[in-house]
2 protein chains.
Amino acid sequence: MDDALQQLTALVARLPGLGPRSARRVVLHLMKNRETVLQPLLAALKRVDASLVDCSVCGNLDTADPCRICTDPKRDPALLCVVADVADLWALERGRLFAGRFHVLGGSLSALDGVGPDDLSVDALKARVADGVTEVVLAMNATLEGQTTAHFVAEALAGAGARVTQLAHGVPVGGELDYLDEGTLAQALRLRRPV
Amino acid sequence: MDDALQQLTALVARLPGLGPRSARRVVLHLMKNRETVLQPLLAALKRVDASLVDCSVCGNLDTADPCRICTDPKRDPALLCVVADVADLWALERGRLFAGRFHVLGGSLSALDGVGPDDLSVDALKARVADGVTEVVLAMNATLEGQTTAHFVAEALAGAGARVTQLAHGVPVGGELDYLDEGTLAQALRLRRPV
């Protein structure tokens, strides 16, 4: 394989979810479809690299700073949803599920990945909460790291004057009991509600 | 999600082996690592797009035309290995397994994918074989499409004066009989050799 191709394949192979084999397939696909795939991808990467910035208020990725969510007058500034990652913000925004604003922590606490309290934007969050926020919704993954992070943020916000809530646990919509893990079933049972 | 990001995600999601979810992960990884991942990837894509050409002799991808395999004086010009795709050529070249030259057909016959005899570079192959080739090794996948293609090429080369051979079938090195399919076992048994 040519040097330039080898270098490109090595870079693609290091992307999350890809490996040497799938990288070769991707590179070959790019080479076979230059006008229809490679060149549009090049243009899109260039555009994103040139135009996207981190929002200095919430940490979202956008072409504007502050981002369009932070400056949207229709969103309730007293309601703040804390997420670990921009991907989680995207997940909530796909369904337009939240009428307030967001705060991206920049990760989850994880000794394994070397992410400590100082790596998360908790001070910025505290400053925002002190500025008239009445409710903070912690929207973390229901994993060990996510829940550790949620507890840590909740503690950091104690006494800040805002109500701190978190996403409900339970049976996912469409979920079949037979296929659910015991942890989810235990939570769903413990948090049972009147019909 | 921003327009530019959405467009990039859609392009990444259409690459082989990726989907909307993994594309979002890749794009987020690119955005989080601009200097170390996004920009090197951009540069590598640009370089490949600007410098790589299809070899007009064998169909390999290289910065030179004819490619470095076709012009390598250490390779036997009388020995030709026919592969469906550049990826197969790469697989054989990774182990430097073949001392002759290659011919890339450009695909496998497949009614499902709409690949017919006219889509394969068989005429160019015939012309090369007529020019002093003594053995043609058919290195096709051991799939229905691969074997159909091998039969088709073998027929097209009948009377061309070269010996036509194909890769051996059998138990792969390290393979455990208990995990092999019946087809492989049947072939391995049928083609058994004296110890």
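Here, every reference points to the structure presented above.
Summary of the structure given here. Here the structure is a predicted model, which is why all the values come from computation and not from measurement.

### Regarding the relation of the copies chain B and chain A
For the pair chain B and chain A, the superposition axis carries a translation of 0.0 Å, the fit reaches an RMSD of 0.1 Å, and the rotation angle comes to 180°. In the structure described here, the two chain copies are related by an operation that fits a two-fold rotation axis. Considering only C-alpha atoms, the residue of chain B closest to the rotation axis is Leu42(B), which sits at 3.3 Å. Of all interface residues in chain B, 100% are interface residues in chain A too; the two copies therefore contact each other through one and the same surface.

### Focus: the sheet that holds strand S6 (residues 163-166) of chain A
Residues and elements named next belong to chain A. In space, the four strands of this open sheet follow the order S4-S3-S5-S6, with parallel pairing throughout. Only two strands of the sheet have a single neighbouring strand rather than two, namely strand S4 (100-104) and S6. With strand direction ignored, the average angle separating the axes of adjacent strands in the sheet is 25°. Judged from the four bridges that link them, strand S3 (residues 76-83) and strand S5 (residues 135-138) form a sheet pairing that is parallel. Among the inter-strand pairings, Leu79 is bridged to a residue of S5, identified as Glu135. Packed on one face of the sheet, helix H5 (residues 122-130) meets S3, S4 and S5 and runs near 160° to S4.

### Observations concerning unusual backbone geometry
Pro66(A) follows Asp65(A) through a cis peptide bond whose omega is 0°. When you line up the elements, Pro66(A) lands in the loop between strand S2 (61-62) and S3. Of note, the phi angle at Arg96(B) is positive, near 45°, even though the residue is not glycine. Inspection of the secondary structure assignment puts Arg96(B) in the loop between helix H4 (86-94) and strand S4 (100-104).

### A word on the interface of chain B and chain A
The interface of chain B with chain A comprises 48 residues on the first partner and 48 residues on the second. Buried surface at the junction of chain B and chain A, both sides included, amounts to about 4,500 Å², of which 70% is carbon and sulfur. At the boundary of chain B and chain A, one finds four salt bridges. The partner of Asp49(A) in a salt bridge is Arg34(B), and the shortest N-O contact between them spans 3.9 Å. Counting every contact that joins chain B to chain A gives 10 residue pairs in polar contact (both at pLDDT 80 or more). Breaking the side of chain B that touches chain A down by element, the ones donating at least two residues are helix H1 (3-13), helix H2 (20-32), helix H3 (34-51), strand S2 (61-62) and H4 of chain B. Residue contributions to the side of chain B that touches chain A peak at 14 residues, all from H3(B). Within the side of chain B that touches chain A, the residues separate by chemical class into 28 nonpolar, six polar and 14 charged.

Thresholds applied
Residues numbered from 1 in each chain as written. Chains lettered and ligands numbered in written order. Predicted model: local features only at pLDDT ≥ 70, side-chain atom pairs only at ≥ 80, totals over all residues. Heavy atoms only, no water. Least-squares fit on C-alpha atoms with pLDDT ≥ 70 in both. Contact = heavy atoms within 4.5 Å. Pairing = 2+ DSSP bridges. Helix = DSSP H or I, 4+ residues; strand = E, 2+ residues; numbered from the N terminus. Axes fitted to C-alpha atoms, helices over the stretch in contact; angles between N-to-C directions. Buried area = accessible area lost by both parts, 1.4 Å probe. Salt bridge = Lys/Arg side-chain N within 4 Å of Asp/Glu carboxyl O. Polar contact = N/O pair within 3.5 Å; in protein donor to acceptor, adjacent residues only side chain to side chain. Nonpolar A, V, L, I, M, F, W, Y, C, P; charged D, E, K, R; others polar.

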